[in-house]
Amino acid sequence: QQVARMADQLASTHNSVAVIHFRRRMGYRYALNHAWSVAGGHYLLALNLSGPASARDIPRLLAAADGHAVILGYREPAQRGIGALIAVLIAWRRAPDLRDPGLGLALFRADQRHLLTRHGADQRTHADISAAAQLRGERVAQVAVRSQSRRRSTDARDGIISLGLIIAAGGLWLLRRLRRTL
């Protein structure tokens, strides 16, 4: 509810902003595809207000828009812990140079809708669009935005989760190795 109120407030203060409400969750990729179908401007802003992205960073993306088909935000300083591990896994296959695919802040030129496929993981949406744009020779930019402050306890929890994932992956690798030798 709080995210919906924030989005509605943004739309009420900016004439060029439209907010689309869905009765139930349809997924990020679906919502972005629908937004592209109703967008009327030169650019489409993808801003996930329920994540770490902030509307305060929109001017930074707009400043880099000239000549670029895709402009993606990334957190500076870089994320740490489980967030960094997830970012690497998301971008690994499609767009390895993408710094922060999970931020939820991007600006797309309106004529680039064909880059968005209907199927795929929501977390990979920006990585997929970025990779498709680069394959077509379109210019892609990444812009540093302010990292949202986080509590230390969250960082500690992320560190513990990351360590647990690494231990689990190492354990699975060791089990497979032992089975081969037996």
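Everything discussed here concerns the structure shown above.
Colleague: Can you help me understand the pairing of strand β3 (residues 105–109) in this one?
Modeller: Along any regular strand, the residues point their side chains to alternate faces of the sheet. For β3, a buried count of four out of five residues is recorded, marking the element as mostly surrounded by other parts of the structure. Across five bridges, strand β1 (residues 43–47) lies against β3 in antiparallel orientation. Looking at the pairing, Leu-47 lines up with Leu-105 of β3. Bridge count between strand β2 (residues 70–76) and β3: three bridges; the pairing is antiparallel.

Colleague: It is not clear to me how the nonpolar core should be interpreted in this structure. Could you clarify?
Modeller: One broad rule of soluble globular proteins: the nonpolar side chains tend to lie buried together. The biggest cluster of nonpolar side chains holds 17 residues, and the ones touching the most others in it are Leu-32, Trp-36, Val-70, Leu-72, Phe-108, Leu-115 and Ile-129. Top contributing element to this core by residue count: helix α5 (residues 125–135), with four residues. If near-sequence neighbours (up to four positions away) are discounted, Phe-108 is found in contact with Leu-32, Trp-36, His-42, Tyr-43, Leu-44, Ala-46, Ala-69, Val-70, Leu-72, His-126 and Ile-129.

Colleague: When you look at the packing of helix α2 (residues 28–38) against α5 in this model, what are you seeing that I'm missing?
Modeller: Two quantities define a packed helix pair, namely the angle between the helix axes and the distance between the axes. The geometry of α2 relative to α5 is characterised by a closest axis approach of 10 Å and an angle of 55° between their N-to-C directions. Viewed along their axes, α2 and α5 adopt a mutual orientation that is oblique. Counting all contacts with α2, which are made through Tyr-28, Arg-29, Leu-32 and Trp-36, the residues of α5 involved are Thr-125, His-126, Asp-128 and Ile-129.

Colleague: Honestly, the side chain of His-126 in this entry has me stumped. Any pointers?
Modeller: In this fold, His-126 is placed in helix α5. When its relative accessible area of 5% is taken as the criterion, His-126 is described as buried. Reaching out from His-126, the side chain makes a polar contact with the side chain of Tyr-28 at a distance of 2.7 Å. Not counting residues within four places of it along the chain, the set of residues in contact with His-126 comprises Tyr-28, Ala-46, Leu-72, Leu-98, Pro-101, Gly-104, Leu-105, Ala-106 and Phe-108.

Colleague: What am I meant to see in α5 here?
Modeller: Each α-helix turn comprises 3.6 residues. Residues three or four places apart therefore point the same way. Counted residue by residue, α5 has nine buried out of eleven residues, so it is predominantly covered. Buried residues of α5: Thr-125, His-126, Ala-127, Asp-128, Ile-129, Ser-130, Ala-131, Ala-132 and Ala-133, and no others. Among the residues trailing α5, Gly-137 stands out with phi positive, at a value near 80°.

Colleague: Whenever I open this one, the sheet that holds β2 confuses me. Can you help?
Modeller: Two pairing modes exist for strands in a sheet, parallel and antiparallel, and in both the strands are linked by backbone hydrogen bonds. The four strands lie next to each other as β1-β3-β2-β4, forming an open sheet whose pairing is mixed. Two strands bound the open sheet, and with one partner strand each, they are β1 and β4 (140–146). Sheet twist, expressed as the average angle between the axes of neighbouring strands with direction ignored, equals 20°. Across seven bridges, β2 lies against β4 in parallel orientation.

Here is what the cut-offs are and how they apply
- Residues numbered from 1 in each chain as written.
- Predicted model: local features only at pLDDT ≥ 70, side-chain atom pairs only at ≥ 80, totals over all residues.
- Heavy atoms only, no water.
- Buried < 20%, exposed > 50% of the residue type's maximum accessible area, 1.4 Å probe, protein only.
- Helix = DSSP H or I, 4+ residues; strand = E, 2+ residues; numbered from the N terminus.
- Pairing = 2+ DSSP bridges.
- Core = buried A, V, L, I, M, F, W, Y, C linked by side-chain atoms within 4.5 Å.
- Contact = heavy atoms within 4.5 Å.
- Axes fitted to C-alpha atoms, helices over the stretch in contact; angles between N-to-C directions.
- Parallel < 35°, antiparallel > 145°, perpendicular 65-115°, else oblique.
- Polar contact = N/O pair within 3.5 Å; in protein donor to acceptor, adjacent residues only side chain to side chain.

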